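Analysis of the macromolecular model
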Amino acid sequence: MSDLASLADHLRALPGVLAKADIGLVADVFGGGDWYAGPGDDGAVLPEGSGHVVVGGEAILPAFVAADPYGAGIAAVLANVNDLAAMGARPVALLDTVVGSEDVAREALRGMRWAAGLYDVPIVGGHLTRTDGPPALSAFGIGRADRVLSANHAAVGQVLVLGCCLEGAMRPDFLFFPSFQERGERMAGDVRLLADLAASGAAVAAKDVSMAGLVGSLAMLLEPQRLGVTVDLDALPIPDGVPLADWLGCFPAFAFLLTCPADRVETCLAGFRDRGLTAQPIGELDDSGEVRLAQSGEQVTVFDLTTEGVTNLRR
């Protein structure tokens, strides 16, 4: 897609973006206020002494669990450690709930065990129900943060940085860009890098790029305060051989959007590059509420957060 308007329409219509609107049901019930220190982040933050405990959870799409229970188990761990990382937390433990036949449950547990070993985080408990009905899989993560990365800390003038792994290949049946084989045991340290950046003040807010794709995830990061940004596609790091539309719409195993004080950008970039990862500034936050894409002198607005929501959590 070379036409930016068509690209914007494509990104707005991604199933992972459209599904986020359903989260607004939570605000309908609980209200749109600050339930503790949110809503709008990837985990809940609880104070503990001089630090914070971060907790979160993910439910895996049942059709994915049925089709590839082993892969779904991996995804359950990946989603949780990435969510904790996006909050500036180091993963401490995981729990799971598995519903399905013996074969599905066994494969899902095997996938979780493999991924938990890869990320060096223990699975400490959970729940299993054997059934011949539709399967279900959820997992929950617990982490600790010295300093929390939160969308509430994002502000005008901060620099938007994409930190990611460009090693890997797109899965042929699903827009997922895994890096497990290429990064191997280094992935455990990769997800803990964000906690180091948070503790040093090199980054103040973050969001992992997940099912909503890069632009949809960015809109979720900016939605709580209705901030805006122009993403410079000419500066955007892209894996070799991956079309731009696929990269903007996929779920990478390791890709994070971070906001950094202007005088700490180089420290943030160095943290990724020291680990052999890719990092690049791709925009600057403003007060427009518009998430825009720019390329070769052209520009288009994908989301206008002053008039619409993505998650609809802010009321």
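Residues numbered from 1 in each chain as written. Predicted model: local features only at pLDDT ≥ 70, side-chain atom pairs only at ≥ 80, totals over all residues. Heavy atoms only, no water.

**Describing a nonpolar patch on the surface**
Where we set the bar: Only residues whose relative accessible area exceeds 30% and that take part in no salt bridge are eligible for patches, with like-charged residues grouped when within 9 Å of each other and nonpolar side chains (Val, Leu, Ile, Met, Phe, Trp, Tyr) grouped when within 5 Å. The Shrake-Rupley method, run with a 1.4 Å probe, gives the accessible areas here. Residue values count only the displayed protein chains as cover. Salt bridges, as used here, are contacts in which a Lys or Arg side-chain nitrogen is within 4 Å of a carboxyl oxygen on Asp or Glu. Secondary structure elements follow DSSP: runs of H or I of four or more residues count as helices, runs of E of two or more count as strands, with numbering from the N terminus.
A grouping of Leu25, Val26, Val29 and Phe30 is seen on the molecular surface, where their side chains present a nonpolar patch of about 430 Å² in accessible area. Relative to the elements of secondary structure, Val29 occurs in helix H3 (residues 24-30).

**Focus: the sheet that holds strand S6 (residues 159-164)**
Here is the rule: In short, DSSP must find at least two bridges between two strands for them to pair. Lines fitted to C-alpha atoms define the axes here, with helix axes fitted over just the stretch in contact, and angles between the N-to-C directions of these axes take values from 0 to 180 degrees. Any two residues having at least one pair of non-hydrogen atoms within 4.5 Å are treated as being in contact.
Read from one edge to the other, the open sheet built from four strands follows the order S8-S11-S6-S12, with strand pairing classed as antiparallel. Bordering the open sheet on either side are strand S8 (205-208) and strand S12 (278-284), each of which pairs with just one other strand. Mean inter-strand twist for the sheet, computed between neighbouring axes without regard to direction, equals 20 degrees. Where S6 and S12 come together, six bridges link them in antiparallel fashion. Within S12, the residue paired with Leu162 across the bridge is Gln280. Relative to the sheet, helix H5 (residues 69-86) contacts S8 and strand S11 (255-260), its axis offset from that of S8 by approximately 165 degrees.

**Observations regarding the pattern of salt bridges**
The criterion, for reference: For the exposure calls, accessible area comes from a 1.4 Å probe over protein chains only, and a residue counts as buried if that area is under 20% of its type's maximum, exposed if over 50%, partly exposed in between.
According to the stated counting rule, one finds 15 salt bridges in the structure shown. Lys207 is the salt-bridge partner of Asp42, the closest N and O atoms lying 3.5 Å from each other. A residue pair is termed long-range when its members are at least 10 positions apart, and Asp42 in the loop between H3 and strand S1 (44-48) and Lys207 in strand S8 qualify at 165 residues. The exposure class assigned to Asp42 is buried, which follows from its relative accessible area of 17%. For Arg275, the salt bridge is made with Asp190, and the minimal N-O distance between the two is 2.7 Å. Linking Arg275 in the loop between helix H11 (265-273) and S12 with Asp190 in helix H8 (residues 186-200), this pair joins segments that are 85 residues apart in sequence. On the basis of relative accessible area, Arg275 is assigned to the partly exposed category, the value being 30%.

**Remarks on the pairing of strand S13 (residues 290-295)**
The sheet contact formed by strand S9 (residues 229-232) and S13 spans four bridges and is parallel. Opposite Asp232, over in S13, you have Ala294 as the bridge partner. Relative to strand S14 (residues 298-304), S13 is paired through six bridges, and the arrangement is antiparallel. Within S14, the residue paired with Val291 across the bridge is Phe303. Following S13, the chain reverses through two residues before pairing antiparallel with S14; Ser296 in that reversal takes a positive phi of roughly 50 degrees.

**Here we look at H11**
Condition: It is the directions from the helix axis to the C-beta atoms that the arc portrays.
When we look at burial in H11, the residues that qualify are Val265, Cys268, Leu269, Gly271 and Phe272. For H11, the arc enclosing every buried residue in end-on projection is 155 degrees, short of the 170-degree limit, so these residues lie on one face. Packed against the buried residues of H11 are S6, H8, S11 and S12.

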